[in-house]
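# Topology and contacts: notes
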Amino acid sequence: MPIKLLSLALSVALISGCASSARQLMPTPVIYQQPGGQPLFSAEADAPRHPDVDLLFITNRARPTAEELASAEGQPLPYGQQRARRIQFGSAKVRILPALDWQALEEQSQLAQRTRPVELELGKVTELGAFPDEPYQIIRDAQGHLLRDQAELARHREASAGLKAEIRRRLEQSPTGELMLYVHGFNETFASAAFTTAELCHFLGREPVCSFFTWPASSSGNFLISYTSTTETADFAVAHLKKTLRMIATMPEVKGLHILAHSRGAAVTLSAARELALEAVAAGKEPATLFKVRNLVLMSPDIDIDIASQQLTGFISDPDLVTVWPEARLPRTIDGRLTVYSSPKDRALLISQILFRSRNRVGQLSPEDIPDSAQRHLELRGGTDLIAYEGQRTDLAGHGYFTTNPRVSSDLIQLIRFKKKPGDPGRELIRTGRVTWRIPSVGESGAASSASARQD
C-alpha cells in the first residue's frame, strides 16, 4: 500500500477514536422513525420510566493512573487503560442531556431529524464487587498434592454470588428475561463503551438486561504501539470474558444471551466462545443448551478470515475431540444465529490488513469474497448470515455503521428485539447468496431471495 494511503488510514483511526466527553445519541433507526414506525417502548413494560440508562459493567481494566487522571482533564475516568489481574463488576449510569422527561425523550428518539439535542454523559459508576487477583492462591497438602486455597475460593464464590445477585435484580425488571452483552474494540475508553451500550439498550426498547464487558483497549499514545499492545491485551482479555460468559449464561434465570461484539472485540469474543464450546464438548454437554446464546453478532470484526473460520469450524475437522455423541453426530454450538456485519468501505480495518499482512479481514468482506463451496458449508450448518453494508460512510472511518447508519441499526434491532430472520417480513435485506445478504440503499426494496443469488 502506498505510504500516503497508510498515513491516511492511520489518521482516520486516530481521529475516529472515542473520547470520554458527552456525545450525541445515535441516529434513530429506520424501524422507529415516525410517522408509521414501530413504537420504541412497549406499553406493557413494567420497567421504571427514567431517561437515564443504568448498565451492568464487567471489566478487567485497572484503576486509572495519576497520568491518566491528569490527561482526563476533569472528565469521569473510573477505570483506565492498564490491565487488572482480576474481574470487577458494577453499575454505570449514562445520563441523558439536557434533562428531558420520559415523553420528550421518547418523541425525540422516534424522529429522523431531532428537534432537540439528545446527548449521553457518563454519570455515577459504582463498583459492586471484585474477584480475587490472579493467579488464585494455592497450597500443598501433607501428601504433596496441590489444592485450592479455601479462603481464596470463598472470595471467588462470594464475588460470583454478588454478580449473579445483581443480574437477578435486573432480570426482575426485564420483560424478556434476556441479557445483552456488548464487547467493544480498539481505541475505546470505559465511557465510550458505556455510551455505545446505552444507545443500543435504548433502541432495543430497554427490554433486556443491558451490560458491557470492557477491557483495556489502548486509546492514546503512538498509534502503532497502541494497536500492537492492544492486540496482546485482547488475548489477555479472553480468559476473563470466558469466565464472565460462563457465569452469566449458565444462570437458570437468564432465558437467553445476546452477545454483540465490535471490531477487535469480535476476536476476543470468538476466542472466548470457542474455548467455552470446547469445554462443553469435552464434558459431553451440548454448548447450545448449556450457554443459551440466542444471537452472536460480530460487527466490523477485526479478525483474519482464516483464523475466524478455524475458530468457528475447527472442532468439525477434529473428530478425535468429539467422541461422546453417537453416530459421529456433531454438537450444536449456538442456540440461535451467528450474524456478521461487514463493509468493504471500512477504512479502519485497512490498518489491520496492512499490519498483519492479512489477506482479508472479516469486517471487510463482500458477498463475492465468499466462494460457493464456503457458502454451501455454512448453509448446511445453518443459522449463519453475512450482511454487507456497501453504502456511503456515515462516520469518518466507516467502522461504526451499526450505530451511525439508521438502516443498519434497524436491521440489528429487527434481529435482536423482534427475532426476525433475514428475509422475514419487515426485515428488508437483499439476498446475494446462500448465506449472504446486503443492506438495501435508500429507495431500494429488499427481497427475500432471488434466482440469481441461490441456485440449488
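This write-up is about the structure you can find in this document. This is a predicted model, so every value here is computed, not measured.

Cut-offs applied
Numbering of residues starts from 1 in every chain and runs along the sequence as written. Two thresholds apply to this predicted model, a pLDDT of at least 70 for residue-level local features and 80 or more for giving and counting side-chain atom pairs, whereas whole-chain, interface and lining totals are computed over all residues. Only hydrogens and water are set aside; all other atoms, that is, all heavy atoms of the structure, feed into the side-chain values. Every helix listed is a DSSP run of H or I at least four residues long, and every strand listed is a run of E at least two residues long, numbered separately from the N terminus. Only protein chains enter the accessibility calculation, which uses a 1.4 Å probe; a residue is then buried when its area is under 20% of its type maximum, exposed when over 50%, and partly exposed in between. Whether two residues touch is decided by their heavy atoms; if any such pair falls within 4.5 Å, the residues are in contact. Note on areas: Shrake-Rupley, 1.4 Å probe, and residue coverage restricted to the protein chains presented here. Side-chain atoms alone can form a polar contact between residues adjacent in sequence; in general such a contact is a pair of N or O atoms within 3.5 Å, and within protein one must be able to donate a hydrogen while the other accepts it. Strand pairing follows a simple DSSP-based rule, namely that at least 2 bridges must link the two strands. To obtain an axis, a line is fitted to C-alpha atoms, over the contacting stretch when the element is a helix, and the angle between two such axes runs from 0 to 180 degrees between their N-to-C directions. An angle below 35 degrees is read as roughly parallel, one above 145 as roughly antiparallel, one from 65 to 115 as roughly perpendicular, and any other as oblique. Should the near helix be turned counterclockwise from the far one by less than a right angle, the crossing is left-handed, whereas a clockwise turn marks it as right-handed. In the sections that follow, a salt bridge refers to a side-chain nitrogen of Lys or Arg positioned within 4 Å of a carboxyl oxygen of Asp or Glu. Definition of nonpolar core: a set of buried residues of the types Ala, Val, Leu, Ile, Met, Phe, Trp, Tyr and Cys, connected through side-chain atoms within 4.5 Å. For crossovers, right-handed means that the path from the first strand over the helix to the second runs clockwise, given strands pointing away from the viewer. Working definition: rings of Phe, Tyr and Trp (its six-membered ring) pair if their centres are within 6.5 Å, and the pair is stacked with planes under 30 degrees apart, edge-to-face with planes over 60 apart, and tilted otherwise. Lysine NZ or arginine CZ positioned within 6 Å of the ring centre and within 35 degrees of the ring normal marks a charge as sitting over the ring.

## Digging into the overall build of the protein
For the protein, the count of helices and strands is 13 helices and 14 strands. Here the protein, with 456 residues, has 52% of them falling under the buried criterion. Long-range contacts, defined here as pairs at least 24 residues apart, represent 76% of the contacts in the protein between residues at least 6 apart. When the accessible area of the protein is evaluated, it comes to approximately 20,500 Å², of which 52% is carbon and sulfur surface.

## Side note on the environment of threonine 250
Position of threonine 250 among the secondary structure elements: in the loop between helix H6 (223–249) and strand S9 (256–262). Counting along the chain gives 40 residues from threonine 250 to leucine 290, while the straight-line C-alpha distance between them is 6.4 Å. When neighbours within four sequence positions are excluded, threonine 250 is seen to be in contact with Leu245, Leu290, Phe291 and Lys292.

## A few points about helix H9 (residues 305–313)
For H9, the full list of buried residues reads Ala308, Gln311 and Thr313. Looking at the buried side of H9, the elements it contacts are helix H7 (264–282) and helix H11 (372–381). Between the side-chain oxygen at the start of H9 and the backbone nitrogen of aspartate 306 there is a gap of 2.9 Å, and the oxygen is on aspartate 304.

## Thoughts on the sheet that holds strand S11 (residues 337–342)
One key point about sheets: their strands pair by backbone hydrogen bonds, in either a parallel or an antiparallel sense. The mixed open sheet is built from 12 strands, whose spatial order is S1-S4-S3-S2-S8-S7-S9-S10-S11-S12-S14-S13. Looking along the sheet, the strands with just one partner apiece sit at the ends: strand S1 (23–24) and strand S13 (430–431). In terms of strand pairing, S13 meets strand S14 (residues 436–438) through two bridges, oriented antiparallel. Pairing of isoleucine 430 across the sheet is with arginine 438, part of S14.

## Quick notes on the packing of H7 against H9
Contact geometry for H7 and H9: axes closest at 9 Å, N-to-C directions at 25°. Here H7 is positioned roughly parallel relative to H9, judged by the angle of their axes. The hand of the H7/H9 crossing is left-handed. Residue-level contacts link Leu270, Ser271 and Arg274 of H7 to Ala308, Gln311 and Leu312 of H9.

## Here we look at the pattern of salt bridges
According to the stated counting rule, one finds 23 salt bridges in the structure shown. Of the charged contacts in the structure, one is a salt bridge between arginine 329 and glutamate 286, with a shortest N-O distance of 3.4 Å. With a gap of 43 residues between them, arginine 329 in the loop between H9 and S11 and glutamate 286 in the loop between H7 and helix H8 (287–291) connect regions that are remote in the sequence. Several salt bridges converge on common partners, so that one network encompasses Asp54, Glu166, Arg169 and Arg170.

## Comments concerning the nonpolar core
Judged by nonpolar contacts, the single largest core of 50 residues is most densely connected at Phe212, Leu260 and Tyr341. What leucine 260 contacts, discounting residues up to four positions off in sequence, is Met180, Leu181, Tyr182, Val183, Leu200, Val297, Met299, Leu412 and Ile416. Ranked by size, the runner-up nonpolar core spans 49 residues in total, among them Leu257, Phe291, Val362 and Ile370.

## Considerations on the environment of asparagine 295
By the secondary structure assignment, asparagine 295 is in strand S10 (residues 293–299). Note: C-alpha distance between asparagine 295 and glycine 256 (39 residues apart in sequence) is 8.7 Å. For asparagine 295, the contacting residues outside a window of four places in its chain are Leu257, His258, Ile259, Arg337, Leu415 and Ile416. A distance of 3.2 Å separates polar atoms of two side chains, one belonging to asparagine 295 and the other to histidine 258.

## Here we look at the pairing of strand S12 (residues 384–388)
Within S12, five of the five residues are buried, leaving the element largely enclosed by the surrounding structure. Across the two faces of S12 the burial is the same, with Thr384, Leu386 and Ala388 and Asp385 and Ile387 all buried. Summarising the sheet, S11 and S12 pair through five bridges and their orientation is parallel. Counted as the bridge partner of leucine 338 is threonine 384 from S12. Across three bridges, the pairing between S12 and S14 is parallel. Looking across to S14, one finds that leucine 386 is bridged to threonine 436.

## Quick look at the pairing of strand S7 (residues 178–183)
Most of S7 is tucked away, with six of its six residues classed as buried. The two faces of S7 match: Glu178, Met180 and Tyr182 on one face and Leu179, Leu181 and Val183 on the other face are all buried. By the bridge criterion, five bridges tie S7 to strand S8 (residues 209–214) in an arrangement that is parallel. Counterpart to leucine 179 in the pairing with S8 is valine 209. In terms of handedness, the path from S7 via helix H5 (residues 190–203) over to S8 forms a crossover that is right-handed.

## Examining unusual backbone geometry
In this model, glutamine 34 is joined to proline 35 through a cis peptide bond whose omega is 0°. Along the polypeptide, proline 35 turns up in the loop between S1 and strand S2 (53–61). The phi dihedral of asparagine 187 is positive, around 65°, even though this residue is not glycine. Relative to the elements of secondary structure, asparagine 187 occurs in the loop between S7 and H5. For serine 300, which is not glycine, the phi torsion reads 50° and is therefore positive. Topologically, serine 300 is positioned in the loop between S10 and H9. On the basis of relative accessibility, which here comes to 0%, the residue serine 300 falls in the buried class.

## Description of the packing of aromatic side chains
Summed over the entire model, instances satisfying the criterion amount to nine aromatic pairs. Judged by centre distance (5.4 Å) and plane angle (65°), the rings of phenylalanine 190 and phenylalanine 212 are edge-to-face. With phenylalanine 190 in helix H5 and phenylalanine 212 in strand S8, this residue pair connects regions lying 22 residues apart in the sequence. Each member of the pair, phenylalanine 190 as well as phenylalanine 212, is classed as buried. A network of ring pairs unites the aromatic residues Phe57, Tyr79, Phe190 and Phe212 as a single cluster. We note arginine 83 situated over the ring of phenylalanine 236; from NZ or CZ to the ring centre the distance is 5.4 Å.

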